Amino acid sequence: MSQQRLKIEVARAALKHVEDGMLLGVGTGSTVNAFIDELGASGIRLEGAVSSSDATTEKLKAIGVDVLDLNRTGDLALYIDGADEFDAHRRLIKGGGGALTREKIIAGASKRFICIVDESKRVNILGEFPLPVEVIPMARSLVARKLTGLGGQPELREDFTTDNGNLILDVRNLDLVDPVSMETKINQIPGVVTCGLFAHRPADVVLMATESGIETI
């Protein structure tokens, strides 16, 4: 089964958790794009959605979903998003698409966070995927030095600006055996908006598409 087919299957599995009239948080990425396509074909009518990126906003509007401001909605019933990696404790690395800050905000505002992935995203220890860190532009060099001091090898994501107007440093070789502690350390660096570790607020459920079906973790 192709990776795209796995994404479609897990998107359909996630739809079983979505109800008519729900306020839904929606993430960013190729698996989420498959979810939005399936949502559009499902006939489910949402009260509205809060989007984590401009790209997702466009796709939601294209299927007739009202995109709402989180400041007006209050807490959300459910957040659906993908991940670049996840471990056995449902802790994640996110931000390959650059939307990590808004994704983390929506996850924090949601009662349930369901992460949808294919089996290629499962790891024993986080960190094979470079950790994205969103940085205020004037602090880029300072943050890079601090990340190097933590053992990482930061690299500026070339020709990329987040929807918030910031830069991303992709960091390799960090020791993420204790991702909760590392998330705290990175987020305390002046100039960091947030990092792509979702360890303090992991997913509540991971739906993982495999060749033999959907596994719920």
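Preceding this section is the structure that the text describes.
## Section: the packing of helix 2 (residues 30-42) against helix 3 (residues 54-62)
Thought 1: Running from amino to carboxyl end, helix 2 crosses helix 3 at an angle of 15 degrees, the nearest separation of the two axes being 9 Å. Judged by the inter-axis angle, helix 2 sits roughly parallel to helix 3. The chirality of how helix 2 crosses helix 3 is right-handed. The residues of helix 3 that touch helix 2, namely those facing Asn-33, Ile-36 and Asp-37, are Thr-56, Lys-59 and Leu-60.
Thought 2: Within the contact of helix 2 with helix 3, the residues separate by chemical class into two nonpolar, two polar and two charged.

## Quick word on the sheet that holds strand 7 (residues 131-135)
Thought 1: The strand order across the open sheet built from four strands is 8-9-7-10, with neighbouring strands paired in antiparallel fashion. In the strand order of this sheet, the two ends are held by strand 8 (153-156) and strand 10 (192-195), each with one partner. Averaged over all adjacent pairs, the angle separating strand axes in this sheet is 30 degrees, with direction ignored.
Thought 2: In the sheet, strand 7 pairs with strand 10 via three bridges, with the strands oriented antiparallel. Pairing of Glu-134 across the sheet is with Thr-194, part of strand 10.
Thought 3: Along the sheet face, helix 6 (residues 140-149) touches strand 7, strand 8, strand 9 (167-172) and strand 10 and points at about 15 degrees away from the line of strand 9.

## Regarding the packing of aromatic side chains
Thought 1: A full pass over the atoms with the stated rule returns two aromatic pairs.
Thought 2: Aromatic side chains Tyr-79 and Phe-113 sit 4.9 Å apart centroid to centroid with 35 degrees between the ring planes, which places their arrangement in the tilted category. A residue pair is termed long-range when its members are at least 10 positions apart, and Tyr-79 in strand 3 (residues 76-81) and Phe-113 in strand 6 (residues 110-118) qualify at 34 residues. Like Tyr-79, the residue Phe-113 is buried in the burial classification.
Thought 3: In this structure an aromatic cluster arises from ring pairing among Tyr-79, Phe-113 and Phe-198.
Thought 4: In this structure, Lys-94 is placed above the aromatic ring of Phe-198, and the distance from its NZ or CZ to the ring centre is 5.6 Å.
Thought 5: The ring of Phe-160 is capped by Arg-157, whose NZ or CZ atom sits 5.2 Å from the centre of that ring.

## Focus on unusual backbone geometry
Glycine aside, the phi torsion of most residues is negative, and most peptide linkages are trans.
Thought 1: Of note, the phi angle at Arg-90 is positive, near 65 degrees, even though the residue is not glycine.
Thought 2: Its identity as a non-glycine residue notwithstanding, Asn-173 has a phi of 70 degrees, on the positive side.
Thought 3: In this fold, Asn-173 is placed in the loop between strand 9 and helix 7 (179-187).
Thought 4: We classify Asn-173 as exposed; its relative accessible area is 54%.

## Observations concerning the environment of Leu-60
Thought 1: Here Leu-60 is to be found in helix 3.
Thought 2: Looking at Leu-60, the relative accessible area reads 0%, which means it is buried.
Thought 3: Expressed as a C-alpha distance, the spacing of Leu-60 and Ile-36, which sit 24 residues apart in the sequence, is 6.8 Å.
Thought 4: Excluding residues that lie within four positions of it along the chain, Leu-60 makes contacts with Val-26, Ile-36, Ala-49, Ser-51, Val-65 and Val-67.

## Examining the packing of helix 1 (residues 3-15) against helix 2
Thought 1: Put simply, helix 1 and helix 2 touch, their axes get as near as 8 Å, and they point 55 degrees apart. Here helix 2 runs oblique to helix 1, going by the angle between their axes. Both helix 1 and helix 2 take part in a crossing whose hand is right-handed. Here Gln-4, Lys-7, Ile-8, Val-10, Ala-11, Arg-12, Ala-14 and Leu-15 of helix 1 come into contact with helix 2, specifically with Ser-30, Thr-31, Ala-34, Phe-35, Glu-38, Leu-39 and Ser-42.
Thought 2: Tallied by class, the residues present in the contact of helix 1 with helix 2 amount to eight nonpolar, four polar and three charged.

Conventions adopted
- Residues numbered from 1 in each chain as written.
- Predicted model: local features only at pLDDT ≥ 70, side-chain atom pairs only at ≥ 80, totals over all residues.
- Heavy atoms only, no water.
- Axes fitted to C-alpha atoms, helices over the stretch in contact; angles between N-to-C directions.
- Helix = DSSP H or I, 4+ residues; strand = E, 2+ residues; numbered from the N terminus.
- Parallel < 35°, antiparallel > 145°, perpendicular 65-115°, else oblique.
- Left-handed = near helix turned anticlockwise from the far one by under 90°.
- Contact = heavy atoms within 4.5 Å.
- Nonpolar A, V, L, I, M, F, W, Y, C, P; charged D, E, K, R; others polar.
- Pairing = 2+ DSSP bridges.
- Phe/Tyr/Trp six-rings, centres within 6.5 Å; stacked < 30°, edge-to-face > 60°.
- Buried < 20%, exposed > 50% of the residue type's maximum accessible area, 1.4 Å probe, protein only.
- Lys NZ or Arg CZ within 6 Å of the ring centre and 35° of its normal.

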